[in-house]
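Descriptive structure summary
Here is what each chain is made of, one letter per residue.
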Amino acid sequence: MKAYLEEQQDSMLKLLKELVNVDSGSYNKKGVDEVVQILKTEFEHLGLHAEVREVEEYGNQLIVTHKDAVDPSILLVLHMDTVFPEGTVAKRPFSIKDEIAYGPGVVDMKGSHVTTLYAVKALLEENSEALKSIKLLFTSDEEIGAPVGRVIIEEQAQGMKHALVMEPSKSRRFSGLLTKRRRAIFDRSKRTSGTFRH
């Protein structure tokens, strides 16, 4: 698998550039929906089922599963929106300097879109049955507290044994460590629970 992924580096960077060079702030529905279409096309080319959930106010949501998945038990959660205002890409588009990629959303979390997609490709290359146990959920409003995304996350997480948020660890971005839990922000409108917002 490692050798396969190393061979795909140029393709991965090409896709990362395409995604980063789309302004997709949380309130930019057109931009987020463009990211949805890019990802949908990529997953459908692999023969996976990609369902778009239409959202009126914010960007659409995307759910991806293996066509033969019956009862996935692992949920991978990603978000497509960024904190950057429209026009940021024009000011500082995707670039690479000293082997480090730069651009709006390159780490949070468009890089994760690419690594997750290519992890799926690697599993397909190995004819792994594991992919049938995985569901991918791409939300569109994480950066503003998931006013719509929270509902779909709760819905899609029902019955799952594991859920992984594919966002990189901010404080240990280059360490390769896995963050197992994060501090939550308490939602006063739902006094019985804490809400993971960021």
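Above: the structure in question.
**Overview of a negative patch on the surface**
Residues Glu6, Glu7, Glu125 and Glu126 make up a contiguous surface patch of negative charge. By the element assignment, Glu6 lies in helix 1 (residues 2-7). Under the relative-accessibility criterion, Glu6 is labelled exposed at 51%.

**Looking at the sheet that holds strand 7 (residues 162-165)**
Strand order in this open sheet of five strands is 1-2-6-3-7, and the pairing throughout is mixed. Two strands close off the open sheet at either side, each with one partner strand: strand 1 (49-53) and strand 7. Averaged over neighbouring strand pairs, the angle between their axes works out to 20° when direction is ignored. Looking at chain direction, strand 2 (residues 61-65) and strand 6 (residues 134-139) are connected through four bridges and run antiparallel. Note on strand 6: the bridge partner recorded for Ile63 is Leu137. Against the sheet, helix 3 (residues 29-45) engages strand 1, strand 2 and strand 6, with an angle of about 160° to strand 1.

**Brief notes about the packing of aromatic side chains**
For the structure on display, the rule yields two aromatic pairs. On the basis of an interplanar angle of 50° and a centroid distance of 6.2 Å, the ring pair of Tyr27 and Tyr58 is categorised as tilted. Within this pair, whereas Tyr27 is found in the loop between helix 2 (9-20) and helix 3, its partner Tyr58 is found in the loop between strand 1 and strand 2, the two being separated by 31 residues in sequence. Residue Tyr27 is classed as exposed on the basis of its relative accessible area of 64%. Its relative accessible area of 10% is what places Tyr58 among the buried residues. Centroid distance Phe43 to Phe138: 5.8 Å. Interplanar angle 55°. Geometry classified as tilted.

Calculation criteria
Residues numbered from 1 in each chain as written. Predicted model: local features only at pLDDT ≥ 70, side-chain atom pairs only at ≥ 80, totals over all residues. Heavy atoms only, no water. Patch = residues over 30% accessible without salt bridge, like charges linked within 9 Å, V, L, I, M, F, W, Y side chains within 5 Å. Areas by Shrake-Rupley, 256 points an atom, 1.4 Å probe, with all protein chains shown as cover. Salt bridge = Lys/Arg side-chain N within 4 Å of Asp/Glu carboxyl O. Lys, Arg positive; Asp, Glu negative; His and termini not counted. Charge placed at Lys NZ, Arg CZ, Asp CG, Glu CD. Helix = DSSP H or I, 4+ residues; strand = E, 2+ residues; numbered from the N terminus. Buried < 20%, exposed > 50% of the residue type's maximum accessible area, 1.4 Å probe, protein only. Pairing = 2+ DSSP bridges. Axes fitted to C-alpha atoms, helices over the stretch in contact; angles between N-to-C directions. Contact = heavy atoms within 4.5 Å. Phe/Tyr/Trp six-rings, centres within 6.5 Å; stacked < 30°, edge-to-face > 60°.

These figures capture arrangement, not role.
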